[in-house]
Structures are given as structure tokens and as C-alpha cells.
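# Overview (structure and organization)
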Amino acid sequence: MKKGDWIWLAAVLGAAAVLFAIYMAYQGRGSAAVAVVTVDGEEFGVYPLDQDAQIWINGTNELVIRGHEADMVSADCPDQVCVNQKPASRNGETIVCLPNKVVVEIRGGQEAEVDQVAN
Ligand SMILES: [Zn+2]
């Protein structure tokens, strides 16, 4: 091969590597974590963290998804523990409202898929 061919090959491989990196990064975001909301042990809904949303849970708790975080912003429970909890954004993090039996659990996209297969 001529020297020019090697440069061309390197450029193609470099571009492919960049595209692959972008693809992986996009996949990482695409399979972004979701907030799984359960009420009294039953699934209420699943909400992707990459979409801002305001969710009324069972008319008792208000969950806001903003900036890839799930945050309980208001609740009618007496202790307000859930409201005072930090926003959840990472896989496995939970926001729990004991009086209303509301649980918000963050699940990573990939692990959620594995769960579905396992189920
Ligand atoms: Zn609460």
C-alpha cells in the first residue's frame, strides 16, 4: 500500500471510532435510567429520566423529573420524609413515602432490560 492509502485507512478507522464512541454515548443516554413508581407494591408507572415530566402519583405525591433526576416535590403525608429526600438519579436509588406506600426506584436502562428478560 502507498503511504496515502494508510492515511486514508487511518482516517476511516478514526472516523469509525468516533462514530462508535458517539453511538455508545448516545446508547448510554438512550438507555437512560427510568424512574419506576410503585404504589403499595403495584407498578404505577415507568418514566424515563431523560424526559422532563410532572407526575401525580395516586393523587397523593407529586414527582417531578427534571434534568435527569427524579424529585418528590410535594406529598400529603404527615412526615414529608419523601419530599425531603434528595433527588434520585442513579441506578438503585429510591425515594420512599412510607405513609402513602409510594416507592420511586431508579433503574438503569440496561439492567431494566435484563430484568424483563429474567421475568
Ligand atoms: Zn411522604
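Here we summarise the structure given alongside this text. (Residues numbered from 1 in each chain as written. Predicted model: local features only at pLDDT ≥ 70, side-chain atom pairs only at ≥ 80, totals over all residues. Heavy atoms only, no water.)

What follows covers the sheet that holds strand β1 (residues 34-39). The antiparallel open sheet is built from four strands, whose spatial order is β2-β1-β7-β6. The open sheet has two free edges, formed respectively by β2 (42-48) and β6 (94-97), since each of these has just one partner strand. Strand-to-strand twist in this sheet, taken as the mean axis angle between neighbours without regard to direction, amounts to 15°. In terms of strand pairing, β1 meets β2 through six bridges, oriented antiparallel. Looking across to β2, one finds that V37 is bridged to G45. (Pairing = 2+ DSSP bridges. Helix = DSSP H or I, 4+ residues; strand = E, 2+ residues; numbered from the N terminus. Axes fitted to C-alpha atoms, helices over the stretch in contact; angles between N-to-C directions.)

Another aspect to go through is the coordination of the zinc ion. In the first shell of the zinc ion, the protein supplies C77 (SG), C82 (SG) and C97 (SG), at 2.1 to 2.2 Å from the metal. Of note, the donors binding the zinc ion are all from one chain and are spaced C-x4-C-x14-C. Placement of the pair is C77 in the loop between β5 (69-75) and α2 (81-84) and C97 in strand β6, with a sequence separation of 20 residues. Assessed through its relative accessible area of 3%, C77 is described here as buried. (Donors = N, O, S within 2.8 Å, 3.2 Å for Na, K, Ca; no water. Buried < 20%, exposed > 50% of the residue type's maximum accessible area, 1.4 Å probe, protein only.)

Attention now goes to the pattern of salt bridges. Within the structure shown, the criterion is met by two salt bridges. Linking D40 and K101 is a salt bridge whose minimum nitrogen-to-oxygen distance equals 4.0 Å. Of this pair, D40 sits in the loop between β1 and β2 while K101 sits in the loop between β6 and β7 (102-107), and the two are 61 residues apart along the sequence. Where R107 meets E105, a salt bridge forms, and the shortest distance between an N and an O atom there is 3.9 Å. (Salt bridge = Lys/Arg side-chain N within 4 Å of Asp/Glu carboxyl O.)

The antiparallel open sheet is built from three strands, whose spatial order is β3-β4-β5. Two strands bound the open sheet, and with one partner strand each, they are β3 (53-57) and β5. Recorded for the sheet is a direction-independent mean angle of 25° between the axes of neighbouring strands. In terms of strand pairing, strand β4 (residues 61-66) meets β5 through six bridges, oriented antiparallel. The residue of β5 that forms the bridge with V64 is D71.

Such coordinate-based values are descriptive only and should not be taken to indicate function.
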